[in-house]
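Notes for the structure review
The residues making up each chain are set out below.
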Amino acid sequence: MKTLFLATALLFSSLMVSATETKVMIRAKAKDAKFIGSSLGGAHIIIRNKLNQQILAEGNTSGSTGNTDLIMKTPKVRGNSIADEQTGGFLATVDIDEPTFVTIEVISPLSNRQAQAVVSTEMWLIPGKNIVGEGIILEIPGYIIDILKPRTHQYIGLNTIKNKPFLFQANIVMMCGCVIEKGGVWNSDEIEVKGILKKDGKFIKNIDMSWVSTNLFEGSDVITTAGNYELILYAYHAKTGNTGVDKVNYVIFE
């Protein structure tokens, strides 16, 4: 029995010794924008062994959104990194004893579930062959849209809004938290923002939304009848095909 125990212990020890620490830098980058870092709560990273789905490493990106000029204005040249030491990322440490095919999954943004997207890729990791520096970059599409007015399931008396514009308001940012403003890097003039208004499940009309201040869009309409209303609000950028949606339901009562 002692001999068997010793042999098992030696085998386990040899397997542990043969495992090699391998570092992998994973970064999440918003489509047509910058990196997702600490200011937005980070992106969640999961590295799994493709064969058995074992989680090899897991954590959140942290750091800055990166250098705007370098990422958005400098022509990309092969070999030149768009990330620096402060740029948001997750440095994973994986212990493997042979080349391992993995799935790398990014979930972002963590704090805004209505805008949350899951992006993944697959690749081989080689023991001791670190992938650092710029690392592996996964692109997260979309916009983070928060409808501010009306509020979810808000009850509004028809007599309080009769004969005056009913305000729709939304906050919209890039998936990295980068600002949308008139004439800015992310130019509000290039982004179509509209609301689709429904009453009792039936389409009524489209609501034009206009930029009024940093990240803030507004529109209005005159509501004359009571009912269960739904506003589906979208943002669309024709140049990149980037899209985002938020939805709110509210009640107008007599």
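Up top is the structure.
So, here's what we can say about the structure. Everything numeric in this text was worked out from a predicted model, so none of it was measured.

Cut-off values and rules
Residues numbered from 1 in each chain as written. Predicted model: local features only at pLDDT ≥ 70, side-chain atom pairs only at ≥ 80, totals over all residues. Heavy atoms only, no water. Helix = DSSP H or I, 4+ residues; strand = E, 2+ residues; numbered from the N terminus. Buried < 20%, exposed > 50% of the residue type's maximum accessible area, 1.4 Å probe, protein only. Contact = heavy atoms within 4.5 Å. Areas by Shrake-Rupley, 256 points an atom, 1.4 Å probe, with all protein chains shown as cover. Lys, Arg positive; Asp, Glu negative; His and termini not counted. Charge placed at Lys NZ, Arg CZ, Asp CG, Glu CD. Pairing = 2+ DSSP bridges. Axes fitted to C-alpha atoms, helices over the stretch in contact; angles between N-to-C directions. Core = buried A, V, L, I, M, F, W, Y, C linked by side-chain atoms within 4.5 Å. Phe/Tyr/Trp six-rings, centres within 6.5 Å; stacked < 30°, edge-to-face > 60°.

**Some remarks on the overall build of the protein**
Across its full length, the protein carries three helices and 16 strands. Each of the 254 residues in the protein was classed as buried or not, and the buried ones make up 42%. A fraction of 70% describes how many contacts in the protein between residues 6 or more apart in sequence connect residues 24 or more apart. If you sum the accessible surface of the protein, you get close to 13700 Å²; carbon and sulfur atoms cover 53% of it. Taking the 25 positively charged and 25 negatively charged side chains of the protein as two groups, their mean positions are separated by 4 Å.

**Some points on the sheet that holds strand β4 (residues 90–96)**
Consider a sheet: its strands pair through backbone hydrogen bonds, and that pairing is either parallel or antiparallel. Reading across from one edge, β4-β1-β7 is the order of the three strands in this open sheet, with mixed pairing throughout. Strands at the two margins of the open sheet, each flanked by one partner only, are β4 and β7 (131–140). With strand direction ignored, the average angle separating the axes of adjacent strands in the sheet is 35°. Sheet topology places strand β1 (residues 20–30) next to β7; six bridges connect them, and they run parallel. Note that in β7 the partner of Arg27 across the bridge is Ile137.

**A few points about the nonpolar core**
Membership of the largest hydrophobic core comes to 57 residues, with the highest contact counts inside it found for Ile26, Ile172, Leu233 and Tyr250. The biggest single contributor to this core is strand β10 (residues 166–174), with six residues.

**Digging into the sheet that holds strand β6 (residues 117–125)**
One open sheet accounts for four strands, arranged β3-β2-β5-β6; its pairing is antiparallel. Of all the strands in the sheet, the pair left with one neighbour each is β3 (55–60) and β6. Averaged over all neighbouring strand pairs, the angle between strand axes comes to 15°, with direction disregarded.

**Some details on the environment of Ser38**
Inspection of the secondary structure assignment puts Ser38 in the loop between β1 and β2 (44–49). Among the residues examined, Ser38 registers a relative accessible area of 45% and is labelled partly exposed. The spatial distance from the C-alpha of Ser38 to the C-alpha of Asp200 is 41 Å, given a sequence separation of 162 residues. Not counting residues within four places of it along the chain, the set of residues in contact with Ser38 comprises Ser62 and Gly63.

**Re unusual backbone geometry**
Across the chain, the bulk of peptide bonds are trans and the bulk of non-glycine residues have phi less than zero. In this chain, Ser108 is followed by Pro109 through a cis amide linkage whose omega measures -5°. For Pro109, the location among the structural elements is in the loop between β5 (100–108) and β6. Here the residue pair Lys149 and Pro150 is connected by a cis peptide bond, since its omega of -5° sits within 30 degrees of zero. By the element assignment, Pro150 lies in the loop between β8 (143–149) and β9 (155–157).

**Examining the packing of aromatic side chains**
Enumeration over the complete set of coordinates arrives at five aromatic pairs. Ring plane angle 75° and centroid distance 5.2 Å describe the contact between Phe166 and Phe168, whose orientation is recorded as edge-to-face. A relative accessible area of 7% places Phe166 in the buried class. Judged by relative accessible area, which is 0%, Phe168 ranks as buried. For the ring pair Phe166 and Tyr250, a centre distance of 5.6 Å and an interplane angle of 15° mean the geometry is stacked. Here the residue Phe166 occupies a position in strand β10, and Tyr250 occupies one in strand β16 (residues 242–253), the gap between them amounting to 84 residues.

**A word on the pairing of strand β14 (residues 216–221)**
Across six bridges, β10 lies against β14 in antiparallel orientation. Bridge pairing in β14 links Asn171 to Leu216. Sheet topology places strand β13 (residues 210–213) next to β14; three bridges connect them, and they run antiparallel. Bridging across to β14, Ser210 finds its partner in Glu218.

Interpretation note: all reported values are geometric properties and have no functional meaning in isolation.
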